[in-house]
Amino acid sequence: MTINATHASPLAPEWLAVPEDLNALQAPMWAAGVEKNDAGEVTIDGVSVSKLKEQYGTPLFVMSESDFRSRARAFKDAFDSAFADICGGVDVYYAGKSFLCTAVASWVSEEGLRLDTCSGGELAVAARAGIEGPNLGLHGNNKSDAEIKRALDMKVGRIVVDSLDELERVAKIASSRGETAKVMLRLTPGVHAHTHEFIATAHEDQKFGLSMAGDTTDEAGLSAAEEAVAAATSYASIELLGLHCHIGSQIFEPDGFALAAEKLLGFLASMQAKYSIVMPELDLGGGYGIAYTPVDTPRPPAEIAQAMAAVVRSKCAELDITPPRISIEPGRAIVGSTTFTLYEVGTLKTVRVDATEGEDGDNNVTYPRRYVSVDGGMSDNARPVLYDADYSAILASRNSSADPQLSRVVGKHCESGDIVVRDVYLPADVAAGDLLAVPGTGAYCWALSSNYNYLARPGVVAVSDGAARLIVRGETEEDLLNRDMGVANV
């Protein structure tokens, strides 16, 4: 017995409904300015995907510059407004790890944001973009001496220290240069965000941060966090700016942020009193979620800002302390939805999958699942295989009146786990040569890209005011072979 493919399939996850209109772009997954024209083609700021395909090929990351700028301004404006009466506004650091190139670094600076980096390479991008050191931060759980020295050379506004060992190294390096390093201490407040284990970063059993819990090897019984505060105050070469935390990524509910803020403010107040110091800054991290699928419900920046401001205002009043200057680090929430990945369809096949349990109790019931192969995959989007991340997709090169069919969009790599979109309803007449667009690929897709199977990494195109330009050139086979030193150049 076979079930009609046009009905909602029991193979689909419960959250995935058959779209009322397969040709419609479902908000809020797409950037502002992404539409479908009269011919049924997806366009971005008036530029059609067929034109982008012709000029730049596929796969291709397609980004809206105006949407990026708008989202960056929205965070800056919303948090400045919400915290104006508390600490005079907020310093918004764009988390460069989500996606960084010199063009993006320039947009960040032009929109009044600062830039958070995690390596010497990201510092190099910032320098090339002309961002001044005081507007930069350096993160990382295992910074090299060279990276610390580079940060000091650039006079970065903050080095976020991740461990006692690193604090000592930063102090020694700064002292040897006769300089003072501006430092924040990254703490793990033990807040468990509702997210994937690999991107939850504030619980104790992981590599990041100084524990606020009692676990310690210190003879005085101090937590690692307090031990770091005590040590920082003893180093003449360290200027302790304050505290930092980051509870995870792709978080929709505000409860975790509120609890982390309360814990850090309480700790900050107790440390200031105990060690007779003032720590003027508190960074509450990022991790705000975006819409990857139609059921995701991200909160607007103003709502996030107001909720966090209420907690900080109330807690500081309760503790009777001067509110520290607040900073945040959105990355995905700014860049994620600005971008879609454009692919060309290749081979297709449909398989029959046994139902776990048929409604009529018939164990012979099977359901169709179609595999739609595209010309990219896990080399340009590793998130589905890393985090079981869900995405959506749409037929981008034309409209279709065909029935919906449950599909699995897969890549061309030699891995069965090479899945781009695990479950999506696409028109039954999707065929080789069609173009698919996968929204929400601005964050951690290009940044995590690889050359698996010797595929060249795609380029990134920025579209603005009806014109497209490359901001990251796609690789060529020559690029790949130029790094292979096993045979003399011919």
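As shown above, the structure is provided for reference.
Worth saying up front: this structure is predicted, and the values here are computed from it rather than measured.

1. Some points on helix H3 (residues 102–110)
Listed in full, the buried residues belonging to H3 are Ala 103, Val 104, Ala 105, Trp 107 and Val 108. Contacts made by the buried residues of H3 are with strand S4 (60–64), helix H2 (65–87), strand S5 (90–95), strand S6 (114–117), strand S20 (460–464) and strand S21 (467–472). Trailing H3 by a residue or two, Gly 112 shows a phi angle of about 85°, which is positive.

2. Thoughts on the packing of H2 against helix H9 (residues 301–319)
When two helices pack together, their arrangement is given by the angle between the helix axes and by the axis-to-axis distance. Axis separation between H2 and H9 bottoms out at 9 Å; the angle between their running directions is 25°. If you check the angle between H2 and H9, you find them roughly parallel. Remark: the crossing between H2 and H9 carries right-handed chirality. Contacts between H2 and H9 pair Ala 74, Phe 75, Ala 78, Phe 79, Ala 82, Phe 83, Asp 85 and Ile 86 from the former with Pro 301, Ala 302, Ile 304, Ala 305, Gln 306, Met 308, Ala 309, Val 312 and Arg 313 from the latter. Split into classes, the residues belonging to the contact of H2 with H9 amount to 14 nonpolar, one polar and two charged.

3. Some details on helix H4 (residues 120–128)
Given 3.6 residues to a turn, an α-helix orients residues that are three or four positions apart in the same direction. Taken together, the buried positions of H4 are occupied by Gly 120, Glu 122, Leu 123 and Ala 126. All buried residues of H4 fall inside an arc of 160° around its axis, so they share one side. Put simply, Ser 119 is the residue that caps the front of H4, since its side-chain oxygen is 3.3 Å from the backbone nitrogen of Gly 121. Note on H4: the residue one or two positions beyond its end, Gly 130, has a positive phi of about 85°.

4. Some remarks on the environment of Ser 400
For Ser 400, the position within the fold is in the loop between strand S16 (394–395) and strand S17 (404–410). Aside from chain neighbours lying at most four places away, what touches Ser 400 is Asn 23, Leu 395, Pro 427 and Asp 429. Separated by 2.8 Å, the side chains of Ser 400 and Asp 429 make a polar contact.

5. Side note on the pairing of strand S9 (residues 181–188)
Counting buried positions along S9 yields seven of eight residues, so the element is predominantly enclosed. Note: strand S8 (residues 158–161) against S9, three bridges, orientation parallel. From the neighbouring strand, Val 160 faces S9, where its bridge partner is Met 184. Regarding topology, helix H6 (residues 164–176) serves as the crossover connection from S8 to the parallel S9, and that connection is right-handed. One ladder, built from six bridges, connects S9 with strand S11 (residues 238–244); its direction is parallel. When the sheet's bridge partners are listed, Arg 186 is paired in S11 with His 244. Here S9 pairs with strand S10 (residues 210–211) via two bridges, running parallel. Bridge pairing links Thr 188 to Ser 211 in S10.

Conventions we followed
Residues numbered from 1 in each chain as written. Predicted model: local features only at pLDDT ≥ 70, side-chain atom pairs only at ≥ 80, totals over all residues. Heavy atoms only, no water. Buried < 20%, exposed > 50% of the residue type's maximum accessible area, 1.4 Å probe, protein only. Helix = DSSP H or I, 4+ residues; strand = E, 2+ residues; numbered from the N terminus. Contact = heavy atoms within 4.5 Å. Axes fitted to C-alpha atoms, helices over the stretch in contact; angles between N-to-C directions. Parallel < 35°, antiparallel > 145°, perpendicular 65-115°, else oblique. Left-handed = near helix turned anticlockwise from the far one by under 90°. Nonpolar A, V, L, I, M, F, W, Y, C, P; charged D, E, K, R; others polar. Arc of directions from axis to C-beta. Polar contact = N/O pair within 3.5 Å; in protein donor to acceptor, adjacent residues only side chain to side chain. Pairing = 2+ DSSP bridges. Right-handed = clockwise from strand over helix to strand, strands pointing away.

Spatial relationships are all this shows, so hold off on functional conclusions.
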